[in-house]
Amino acid sequence: MTIFFATPASASTGAPVNPWVALAYLAAGVFFILALRGLSSPATSRTGNRFGMIGMLIAVVTTLITHFPTTGSPESALPVDEGWPDLFSFGEIFIAIAIGAIIGITIARRIAMTSMPELVAAFHSLVGLAAVLVGWAAYLNPGAFGILAADGIAPVSKVEMGLGIAIGAITFSGSVIAFAKLSGRMSGSPILLPARHVINLGTLAAIIVLTALFAMAGPAETMPLIIGLTVLAFLIGFLLIIPIGGADMPVVVSMLNSYSGWAAAAMGFTLGNTAMIITGALVGSSGAILSYIMCRAMNRSFISVIAGGFGADESAGGGEAKEQRPYKQGSAEDAAFMLEQAEKVIIIPGYGMAVAQAQHALREMADVLEEKGVEVKFAIHPVAGRMPGHMNVLLAEASVDYDKVFELEDINSEFAQADVAFIIGANDVVNPAAKTDKSSPIYGMPVFDVDKAKQVFFIKRSMGGVGYAGVDNDVFYMDQTMMLLSDAKKMVEEIVKALD
């Protein structure tokens, strides 16, 4: 009995790959592209997820079939690849898949939407660790991966292996730090080490040198080099993320997503697996593009973020508000009365809404206002929350209609015609200092023009705190602003009661 298909790893040795295998991986790649296309809009995100699931199913099944474990025939001493199926080994694979599926389903069902950013960071760490383990497995048993030449592992395969291990290790340790910061297990403030730029650049240079030496070294000399490469890569991942503050966490999550994709692509070349190359390239490039877009939305330098806080102002982000200035404070009853008199209300959610889990109460408030004839729209800033699309996910969870949710560039011109700008848990994304104060760390960042609305309601816990950027917000003290100081969910629920 022969193996079903030629393995993809045979591509690295020049052997032909079964066309059905290539076609299956191509189909998987098409589904992944359709998934990205679907995920570009909330209205098609469910379809995009389904396309991604189908593509991954095709890729996994094809990989399992092409690597179907076999043993020698009981009747003859056949080579391993021409023997009988090793059902025990195949069962081990399915047991591992089942364990992973159970863990994944359990976590997905139990995780709160407010904890989604740290969950994404944790999953990125697993992708990076998987790349490291696959790279080491290929190094320790190159024959099983089809990369063993007459004089050892081919130099090209060593370069691919080294890059995969390095990027994977950086992704793992960086994602662990991001998880710790997002989950509150570690301070979100930047940790700026002395001479950090020199340390980072020196470590990266050492990784490049070790990769080159690893590719050129003989079989007996490679072990110390790959160990040093792995250790330094884990270290640089840690060093790159600790100088990045909480305000840049959405960019970090997107950036680590990109890293995980490139790690997978590098391992795809090592394994000769087309599906991994396609998927890794799609994830890596889309993550890099998203990171760049978000940096522009935050007035951050893309290079400074990926370099681990390179050029960061060590004195910025102190987190202290300016001296106390007079402001107006109102109650839920005051807000309810003005809201039901309005013709147009624009709601701007932020991370404070996520922390308070106020999205369901907010949707209920919007429904009540619409029943009273008020036009209600939601305005989403690209970097609101802790990860890309965080607010969109929360509003979708609360069943807010997609056609009521607008991006900054699509709705910013409407604030001049709005009767009420209702800000719940946002801060920096509505701060006019981004347009007026050249000394502000957020200067140049696109923000919502809430100061143009006739009335502004601003929900926050207290006047003592400021946003991630560590700067005070003049919106608090405008004549048309009423501060609603309370837990976001409690305040919105009281407004709903007052509206009834």
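Relevant structure appears above.
Cut-offs applied
As a convention, each chain's residues are numbered from 1 in the sequence order in which they are written. Restriction of local features to residues with pLDDT of at least 70 applies here, the model being predicted, together with a cutoff of 80 or more for giving and counting side-chain atom pairs; totals for whole chains, interfaces and linings are based on all residues. Water and hydrogen atoms play no part in the side-chain values, which are based on all heavy atoms of the structure. Secondary structure counts use DSSP, requiring at least four H or I residues in a row for a helix and at least two E residues in a row for a strand, with both numbered from the N terminus. Under the scheme applied here, a residue whose accessible area is under 20% of the maximum for its type counts as buried, over 50% as exposed, and between as partly exposed, the area being computed with a 1.4 Å probe on protein chains only. Contacts are assigned to residue pairs with any non-hydrogen atoms lying within 4.5 Å of each other. All accessibility values rest on the Shrake-Rupley procedure with a 1.4 Å probe; residue burial counts only the protein chains present in the view. Being paired, for any two strands, means DSSP has found at least two bridges between them. As a rule, the C-alpha atoms of each element are fitted with a line to give its axis, helices using only the stretch in contact, and angles between N-to-C directions run from 0 to 180 degrees. For a helix, the expected span equals 1.5 Å multiplied by the number of residues minus one. To be clear, the arc concerns the directions from the helix axis to the C-beta atoms. Definition of nonpolar core: a set of buried residues of the types Ala, Val, Leu, Ile, Met, Phe, Trp, Tyr and Cys, connected through side-chain atoms within 4.5 Å. Patch members must show over 30% relative accessible area and no salt bridge, and they are joined within 9 Å when carrying like charges or within 5 Å when they are nonpolar side chains of Val, Leu, Ile, Met, Phe, Trp or Tyr. Salt bridge criterion: a side-chain nitrogen from Lys or Arg within 4 Å of a carboxyl oxygen from Asp or Glu. Each polar contact in these results corresponds to two N or O atoms within 3.5 Å; when the atoms are within protein, one needs to be able to donate a hydrogen and the other to accept it, and residues that are neighboring in sequence are counted only if both atoms are side-chain atoms.

Observations concerning the overall build of the chain
Turning to step 1, where the next piece is worked out: Along the backbone of the chain there are 17 helices and 10 strands.
Turning to step 2, where the next piece is worked out: Here the chain holds 500 residues, and the buried ones make up 47% of them.
Turning to step 3, where the next piece is worked out: A separation of at least 24 residues holds for 76% of the contacts in the chain among residues at least 6 apart in sequence.
Turning to step 4, where the next piece is worked out: If you sum the accessible surface of the chain, you get close to 23,200 Å²; carbon and sulfur atoms cover 65% of it.

Notes on the sheet that holds strand β6 (residues 375-380)
Turning to step 1, where the next piece is worked out: The strand order across the open sheet formed by six strands is β7-β6-β5-β8-β9-β10, and the pairing between neighbours is parallel. Edge positions in the sheet fall to β7 (405-407) and β10 (481-485), since each has one partner strand and no second. The sheet shows a mean angle of 25° between the axes of neighbouring strands, direction not considered.
Turning to step 2, where the next piece is worked out: Along the sheet, helix α14 (residues 390-397) makes contact with β5 (344-349), β6 and β7, crossing β6 at roughly 145°.
Turning to step 3, where the next piece is worked out: Docked against the sheet, helix α17 (residues 488-499) engages β8 (420-424), β9 (455-460) and β10, running at close to 140° with respect to β8.

As for helix α6 (residues 196-216)
Turning to step 1, where the next piece is worked out: For α6, built from 21 residues, the straight-helix expectation of 30 Å at 1.5 Å per residue is met to within 8% by its first-to-last C-alpha distance of 30 Å.
Turning to step 2, where the next piece is worked out: Along α6, the residues that are buried comprise R196, N200, T203, I207, L210, T211, F214 and A215. Relative to the axis of α6, the buried residues are bounded by an arc of 135° and lie together on one face. For α6, the exposed residues lying more than 90 degrees away from the buried face are V198, L201, I208 and M216.
Turning to step 3, where the next piece is worked out: Where the residues of α6 are buried, they touch α4 (116-140), α5 (155-182) and α7 (222-241).

Notes on the pairing of β9
Turning to step 1, where the next piece is worked out: β9 sits mainly inside the fold: six of its six residues count as buried.
Turning to step 2, where the next piece is worked out: Across the two faces of β9 the burial is the same, with Q455, F457 and I459 and V456, F458 and K460 all buried.
Turning to step 3, where the next piece is worked out: When β9 meets β10, the two strands line up parallel, connected through five bridges. Within β10, the residue paired with F457 across the bridge is M482.

Brief notes about the nonpolar core
Turning to step 1, where the next piece is worked out: Judged by nonpolar contacts, the single largest core of 42 residues is most densely connected at Y139, M161, I226, I241 and V252.
Turning to step 2, where the next piece is worked out: Secondary-structure elements contributing two or more residues to this core are α4, α5, α6, α7 and α8 (249-271).
Turning to step 3, where the next piece is worked out: Of the residues forming this core, the biggest block, nine residues, is contributed by α5.
Turning to step 4, where the next piece is worked out: In this structure I241 touches G174, I177, A178, K181, V252, M255 and L256, once residues within four positions along its chain are discounted.
Turning to step 5, where the next piece is worked out: Listed in part, the 41 residues of the second largest apolar core include M353, L394, I459 and V492.

What about a nonpolar patch on the surface?
Turning to step 1, where the next piece is worked out: On the surface, a nonpolar cluster with roughly 540 Å² of combined accessible area is contributed by I95, I99, I103, I107, F123 and L126.
Turning to step 2, where the next piece is worked out: Elements supplying a minimum of two residues to the nonpolar patch: α3 (87-110) and α4.
Turning to step 3, where the next piece is worked out: The biggest single contributor to the nonpolar patch is α3, with four residues.
Turning to step 4, where the next piece is worked out: On the basis of relative accessible area, I95 is assigned to the exposed category, the value being 51%.

Brief notes about helix α9 (residues 274-298)
Turning to step 1, where the next piece is worked out: Its 25 residues place the ends of α9 36 Å apart at the C-alpha level, agreeing with the 36 Å of an ideal helix rising 1.5 Å per residue.
Turning to step 2, where the next piece is worked out: Listing the buried residues of α9 in full gives A275, G280, L282, G284, G287, S291, M294, C295, A297 and M298.
Turning to step 3, where the next piece is worked out: With a side-chain oxygen positioned 3.0 Å from the backbone nitrogen of A275, the residue opening α9 is N273.

Without other data, these values stay purely geometric and don't point to any function.
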